[in-house]
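One letter stands for each residue in the lines below.
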Amino acid sequence: MIINNVRLVLDNEVVTGSLECHQGMIRALADTPSRLPQALDGEGGWLLPGLVELHTDNLDKFFMPRPKVDWPAHSAMSSHDALIVASGITTVLDAVAVGDVRDGGHRLENLRRMLDAIVHSQQQGVNRAQHLIHLRCELPHESTLPLFENLMDLPELRLVSLMDHSPGQRQFATPEKYREYYQGKYHLNDAQMDVFEAEQCALSARWSQPNRQAIAAHCRARGVALASHDDATQAHVRESLALGSVIAEFPTTEEAASLSHQHAMQVLMGAPNIVRGGSHSGNVAASRLAALGALDILSSDYYPASLLDAVFRLAADENNVFTLPQAAAMVSANPARAIGLGDRGRIAEGWRADLVLAHAPHGQVRVRHVWAQGRQVF
């Protein structure tokens with residue numbers, strides 16, 4: 001397969017030319033057009049490495065599209081996969097919650113259904129993207145550690161994150177933001193919200209630290225990448241470093257992000273934060289970290305199409321220092337490297353032919369075609 005007349009987004013430059021793939025790998029690059037008639041005309045679009053997504057809970061929406069509506073697993077997985085590849089993502093870590101901030105939450109109920117769907121569809125070869133697993137461990141629960149220990153030897157497991165969403169912990173900048181979010185999410189009146197807050201505080205005090213230590217130890221023993229989540233202070237960052245975290249997911253303050261970056265933890269922020277212009281929780285803006293040079297990885301989080309959009313927005317932003325190749329690395333080479341996938345994330349000879357062809361008509365980037373291991377999947 002030959003892709004012709006494209007702007008190749010390489011490690012350090014953008015080169016107009018062509019690319020040849022063979023048996024799922026990139027065989028050759030050229031800074032000249034191909035003259036072979038079978039070459040695909042890229043019409044001057046950008047050819048980027050396939051996007052690598054480390055943290056998306058997009059699968060949840062398909063398993064439960066409305067409250068109390070459980071969707072058949074095979075259909076949910078297929079629809080999720082279709083949206084992922086249409087967004088340019090060729091490797092995705094589906095983030096599945098182990099434990100939840102509210103007992104009986106639908107994420108806990110769907111845990112096994114979602115994991116089985118990911119594993120079985122991948123084994124059967126029906127997915128267009130490669131789907132791996134990210135276990136999001138909600139620490140303040142008695143059941144979290146036993147559940148994790150039942151899942152920690154899944155061969156598809158590539159990343160584990162440690163979370164505590166109880167009041168006063170990390171994510172929400174103010175108590176008002178916490179109440180606003182969870183009252184809206186669970187439809188609680190003020191009295192019910194008071195009870196909910198007290199329960200979550202008690203659970204955190206009892207279970208958060210023991211679970212944090214035990215799960216981190218399991219990850220170190222198995223060589224599974226570990227991520228902190230919502231670190232806000234220097235003390236949080238030091239604790240995460242001591243546990244062996246290699247990724248700092250969604251640090252909530254400039255202080256925590258900068259210290260994480262200084263200590264070689266890959267700082268991961270949400271692409272929706274870039275697209276929307278700020279955090280919906282009132283925390284530090286991803287664009288601010290980009291301007292400081294303290295941003296390493298972007299995740300689409302809850303909106304897959306935001307990933308590629310954010311890359312081009314970052315490259316066009318006059319307030320930061322990122323070129324298009326550097327911005328593209330945040331959604332390809334950097335996340336792949338962070339979880340030990342050393343065969344993808346770059347357009348280079350001998351690398352996996354996961355590719356995205358994008359155009360930007362009227363200034364809005366759009367995915368034209370996607371290839372996974374040289375096979376067109378969109």
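Scoring rules and cut-offs
Residues numbered from 1 in each chain as written. Predicted model: local features only at pLDDT ≥ 70, side-chain atom pairs only at ≥ 80, totals over all residues. Heavy atoms only, no water. Pairing = 2+ DSSP bridges. Helix = DSSP H or I, 4+ residues; strand = E, 2+ residues; numbered from the N terminus. Axes fitted to C-alpha atoms, helices over the stretch in contact; angles between N-to-C directions. Contact = heavy atoms within 4.5 Å. Domains from an automatic or database assignment. Buried area = accessible area lost by both parts, 1.4 Å probe. Core = buried A, V, L, I, M, F, W, Y, C linked by side-chain atoms within 4.5 Å. Buried < 20%, exposed > 50% of the residue type's maximum accessible area, 1.4 Å probe, protein only. Salt bridge = Lys/Arg side-chain N within 4 Å of Asp/Glu carboxyl O. Right-handed = clockwise from strand over helix to strand, strands pointing away. Phe/Tyr/Trp six-rings, centres within 6.5 Å; stacked < 30°, edge-to-face > 60°. Lys NZ or Arg CZ within 6 Å of the ring centre and 35° of its normal. Bend = angle between axes of the 7 residues up to and from the residue. Polar contact = N/O pair within 3.5 Å; in protein donor to acceptor, adjacent residues only side chain to side chain.

Looking up the protein chain in an unreviewed UniProt entry gives the name Phosphonate metabolism protein PhnM, with the organism given as Musicola paradisiaca.

**Student:** Which residues make up the sheet that holds strand S9 (residues 157–163), and what values go with them?
**Tutor:** Taken in spatial order, the 8 strands line up as S6-S7-S8-S9-S10-S11-S12-S13 in an open sheet, and their pairing is parallel. In this open sheet, the two edge strands, each paired with only one partner strand, are strand S6 (51–56) and strand S13 (297–299). Sheet twist, expressed as the average angle between the axes of neighbouring strands with direction ignored, equals 25°. Note that strand S10 (residues 225–229) and strand S11 (residues 247–249) share 3 bridges and pair parallel. The residue of S11 that forms the bridge with serine 228 is alanine 248. Strands in contact with helix H7 (residues 190–222) are strand S8 (130–138), S9 and S10; relative to S9, the strand with the most contacts, it is inclined by about 160°.

**Student:** Tell me what's going on with the domain arrangement of the protein chain, and back it up with residues and numbers.
**Tutor:** Each assigned domain of the protein chain is listed with its residue range as follows: domain 1 (1–49 + 346–377) and domain 2 (51–344). On a C-alpha basis, the centroid separation for the pair domain 1 and domain 2 is 30 Å. At the interface, 23 residues of domain 1 touch 21 residues of domain 2. Around 1800 Å² of area is buried between domain 1 and domain 2 when both sides are counted, 68% of it from carbon and sulfur atoms.

**Student:** Give me the nonpolar core: which residues, what numbers.
**Tutor:** Of all hydrophobic cores here, the largest spans 39 residues; its most connected members are Leu48, Leu295, Leu298, Leu308, Phe312 and Leu314. With 6 residues, helix H12 (residues 306–316) is the largest single contributor of residues to this core. Counting the residues that make up this core, at least three belong to each of domain 1 (1–49 + 346–377) and domain 2 (51–344). With near-sequence residues (within four places) excluded, leucine 298 lies in contact with Met269, Gly270, Ala271, Ile274, Leu307, Ala310, Leu314, Met330 and Val331.

**Student:** Describe the pattern of salt bridges, with residues and values.
**Tutor:** Following the criterion strictly, the structure yields 11 salt bridges and no others. Across the pair glutamate 239 and arginine 212 runs a salt bridge, and its minimum N-O distance is 4.0 Å. On the criterion of sequence distance, the pair formed by glutamate 239 in helix H8 (residues 234–243) and arginine 212 in helix H7 is long-range, its members being 27 residues apart. The same class applies to glutamate 239 as to arginine 212, namely buried. A salt bridge links arginine 344 to aspartate 343; the nearest nitrogen and oxygen atoms lie 2.8 Å apart.

**Student:** With reference to specific residues and values, describe the pairing of strand S14 (residues 355–359).
**Tutor:** S14 sits mainly inside the fold: 5 of its 5 residues count as buried. The side-chain alternation of S14 yields two buried faces, one formed by Leu355, Leu357 and His359 and the other by Val356 and Ala358. Where strand S5 (residues 46–49) meets S14, 4 bridges bridge the pair, whose relative direction is antiparallel. Each residue of the ladder has a partner; that of leucine 48, found in S14, is valine 356. Looking at chain direction, S14 and strand S15 (residues 366–372) are connected through 5 bridges and run antiparallel.

**Student:** Outline the pairing of strand S12 (residues 266–270), supporting the account with residue identities and numerical values.
**Tutor:** With 4 of its 5 residues buried, S12 lies for the most part within the structure. Bridging between S11 and S12 involves 3 bridges; their strand directions are parallel. When the sheet's bridge partners are listed, glutamate 249 is paired in S12 with leucine 268. Regarding topology, helix H9 (residues 254–262) serves as the crossover connection from S11 to the parallel S12, and that connection is right-handed. In this structure, S12 lies alongside S13, joined through 3 bridges in parallel fashion. Along S13, the bridge assignment pairs leucine 268 with isoleucine 297.

**Student:** Tell me what's going on with the packing of aromatic side chains, and back it up with residues and numbers.
**Tutor:** Scanning all chains against the criterion turns up 1 aromatic pair. Taking the centre distance of 5.0 Å and the plane angle of 65° together, the rings of tryptophan 46 and phenylalanine 312 count as edge-to-face. In this pair, tryptophan 46 is assigned in strand S5 and phenylalanine 312 in helix H12, connecting sequence segments 266 residues apart. Over the ring of tryptophan 46 we find arginine 7; its NZ or CZ atom is 3.9 Å from the centre of that ring.

**Student:** Let's hear about unusual backbone geometry: which residues, and what values?
**Tutor:** In this structure, lysine 68 takes a positive phi of about 70° despite not being glycine. Its location among the elements puts lysine 68 in the loop between helix H1 (58–63) and helix H2 (73–86). Its identity as a non-glycine residue notwithstanding, phenylalanine 250 has a phi of 50°, on the positive side.

**Student:** Describe H7, listing the residues and the values that go with them.
**Tutor:** In H7, a bend of some 40° at tryptophan 207 exceeds every other bend along the element, and proline 210, a proline, comes one to four places later. Among the residues of H7, the N-terminal cap falls to asparagine 189, whose side-chain oxygen and the backbone nitrogen of alanine 191 are separated by 3.1 Å. Trailing H7 by a residue or two, glycine 223 shows a phi angle of about 70°, which is positive.

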